[in-house]
Amino acid sequence: MDFGLSEEQKLIVETTRAFVENELYPHEREVERTGVLRRELIEEIKAKAIEAGLYAANMPTEVGGAGLDTVTWLLYEKELGRANYALHWTCVARPSNILLAGSPEQREKYLFPCIRGEKWDCLAMTEPGAGSDLRGMKATAVQDGDDWVLNGTKHFISHADLADFAIVFMASGEEESSRGKRKKITAFFVDKGTKGFTVRDGYRNVSHRGYTNAILEFDDCRLPGAQVLGEVHKGFDVANSWLGATRLQVGATCLGRAERALGHAVEYAAQRQQFGQQIGKFQGVSFKLADMATELKAADLMVFEAGWKYDQGTVTDQDMAMAKLKATEMLAFVADEAIQIHGGMGLMDDLPLERIWRDARVERIWEGTSEIQRHIISRALLRPFGG
């Protein structure tokens, strides 16, 4: 097995890291202290990202993206993950891969403008009563002739305030299954400004300041049939086909933040003097560094092995669940230990550690909680035995 990087991959890592350090790091303190990502700043950084070839780099070359394979894409995400989440996700946008499932007409209207940086998309699945259990959603889409009428509420919808349109998943009927009736799901494109579609401010979040969430309300929102994404009642299949790798993306960004935290901890342990010597010479500190580095290495290998298997067409849900679980829980451990090594300074906002520590908390919740990942893993282990 070859764990080395190609020259192209090295160049992408170097280019992305330089962009993050030069264009994103300088604005972190402003975003963290105000909780606001100014539109002027977004446009300024976006223009530079487009010029550098980093914008929409997750997309295939045939639609105007960089055409990165999964491993290279994860290397790119890892470098972006070092910075404040709002800065790298909004200003260096990666449109949702689910847009590739659209018809030729839908690609022209939604996909290509997102790749060019003219529009933003957002995904709306979660509801107040339906998080991990998406089949439990209560928001509905009812067919009325050639139209669909949407009613209900979505919440925790990331950057919906900025988005020009939402990709919305609605319960569109019921079907019998081995466990009784279950919801059929259909996905829709809903443009901002559509009658009956309202975007309200969401909740204040301890993690990822500047990266907003919103509440979407649908009140007899009428859409033509042309706004259906994929097939009617097949929205769950669309989501599973195009969104699986997002768990690897979460894992990769966690790796970047963990590397940054570990780097600060190692430097501080080598410089800080107590009791006449560097604190890194005390086993109470040096063993922490060893454990942090080992956990980071393990998570790194799991994320990139899953990425490699994704490209080979052999990845399983278990692989992606393990990678996401390990990387997110590793980040929480590394961030906490980095603060402990710094003592009181670790909690001051002069350093990025308290931000990384706060931001780490949400990673074990979104894109599938740690409990859901453990469920996926244990189910795969027990399935051969009828479990």
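Position numbers for residues start from 1 in each chain and track the written sequence from start to end. Totals for whole chains, interfaces and linings use every residue, but because this is a predicted model, local features are given only for residues with pLDDT of at least 70 and side-chain atom pairs only at 80 or more, for both listing and counting. Water and hydrogen atoms were dropped before computing side-chain values, which therefore reflect all heavy atoms in the structure.

## Digging into the pattern of salt bridges
Between Lys or Arg on one side and Asp or Glu on the other, a salt bridge is scored when a side-chain nitrogen of the former is within 4 Å of a carboxyl oxygen of the latter. Inspection of every chain in the model, using the stated rule, returns 32 salt bridges. When the shortest N-O distance is used, the salt bridge between Arg-38 and Glu-40 registers 4.0 Å. Asp-144 serves as the salt-bridge partner of Arg-222, at 2.9 Å between the closest nitrogen and oxygen. Note that Arg-222 is positioned in strand β7 (residues 213-224) and Asp-144 in strand β2 (residues 140-144), a separation of 78 residues in sequence. On the basis of relative accessibility, which here comes to 42%, the residue Arg-222 falls in the partly exposed class. To sort residues, take the accessible area from a 1.4 Å probe on protein chains only and compare it with the maximum for the residue type: under 20% means buried, over 50% means exposed, and anything in between is partly exposed. Classification of Asp-144 by relative accessible area gives partly exposed; the value is 40%. Through salt bridges with shared partners, a single network forms among Glu-28, Glu-32, Arg-260, Glu-354, Arg-355, Arg-358 and Asp-359. Secondary structure elements follow DSSP: runs of H or I of four or more residues count as helices, runs of E of two or more count as strands, with numbering from the N terminus.

## Re a nonpolar patch on the surface
Patch membership is restricted to residues that have no salt bridge and whose relative accessible area is over 30%. Joining uses 9 Å for like charges and 5 Å for the nonpolar side chains Val, Leu, Ile, Met, Phe, Trp and Tyr. All accessible-area figures derive from a Shrake-Rupley calculation using a 1.4 Å probe, and residue coverage is judged against the displayed protein chains alone. A cluster of nonpolar residues, Met-345, Leu-347, Met-348 and Trp-357, forms a patch on the protein surface that exposes about 370 Å² of accessible area. Position of Met-348 among the secondary structure elements: in the loop between α10 (317-342) and α11 (353-363). Met-348 sits in the partly exposed class, given a relative accessible area of 38%.

## Comments concerning the nonpolar core
Throughout this description, the term nonpolar core refers to a set of buried Ala, Val, Leu, Ile, Met, Phe, Trp, Tyr and Cys residues connected via side-chain atoms within 4.5 Å. By size, the foremost hydrophobic cluster in this structure holds 90 residues, and its most contacted members are Tyr-76, Phe-169 and Ile-341. Per-element accounting of this core gives the leading share, eleven residues, to helix α8 (residues 246-271).

## So, helix α3 (residues 39-52)
At 3.6 residues per turn, the α-helix brings residues three or four places apart onto the same side. By definition here, a helix of n residues has an expected span of 1.5 Å times n minus one. Over its 14 residues, α3 runs 20 Å from end to end, which matches the ideal 20 Å to within 8%, given 1.5 Å per residue. Every buried residue belonging to α3 is among Leu-41, Ile-42, Ile-45, Lys-46 and Ala-49, and all of these are buried. Across the axial projection of α3, the buried residues extend over an arc of 125°, all falling on one side. When the buried face of α3 is taken as reference, the exposed residues oriented beyond 90 degrees from it are Glu-40 and Glu-51. Looking at the buried residues of α3, the elements they touch are α1 (7-24), α2 (28-34) and α5 (85-91). Gly-53 sits one or two residues past α3 and shows a positive phi near 80°. In this description, the arc belongs to the directions extending from the helix axis to the C-beta atoms. Contacts were defined at the residue level, with two residues in contact if any of their heavy atoms lie within 4.5 Å.

## Describing the environment of Asp-69
For Asp-69, the location among the structural elements is in the loop between α3 and α4 (70-80). On a C-alpha basis, the gap between Asp-69 and Asn-58 in space is 8.6 Å, while along the polypeptide they are eleven residues apart. When near neighbours in sequence (up to four residues on either side) are disregarded, Asp-69 contacts Gln-9 and Asp-311.

## Describing the packing of aromatic side chains
Geometry of aromatic contacts follows a simple scheme: Phe, Tyr and Trp rings, the Trp one being its six-membered ring, pair when their centres are within 6.5 Å, and the pair is stacked under 30 degrees between planes, edge-to-face over 60, tilted otherwise. Summed over all chains, the structure comprises eleven aromatic pairs. When the ring of Tyr-110 is compared with that of Phe-165, the centres are 4.5 Å apart and the planes differ by 55°; the resulting orientation is tilted. Of the two residues, Tyr-110 sits in helix α6 (residues 104-115) while Phe-165 sits in strand β4 (residues 165-177), which places them 55 residues apart along the sequence. In this structure Tyr-110 comes out as buried when scored by relative accessible area, which is 1%. With a relative accessible area of 2%, Phe-165 lands in the buried category. One aromatic cluster in this structure is built from Tyr-85, Trp-89, Tyr-211 and Trp-366. By definition, being over a ring means that NZ of Lys or CZ of Arg is both within 6 Å of the ring centre and within 35 degrees of the ring normal. When the ring centre of Tyr-25 is taken as reference, the NZ or CZ atom of Arg-260 above it lies at 3.8 Å.

Nothing here speaks to function; it is geometry throughout.
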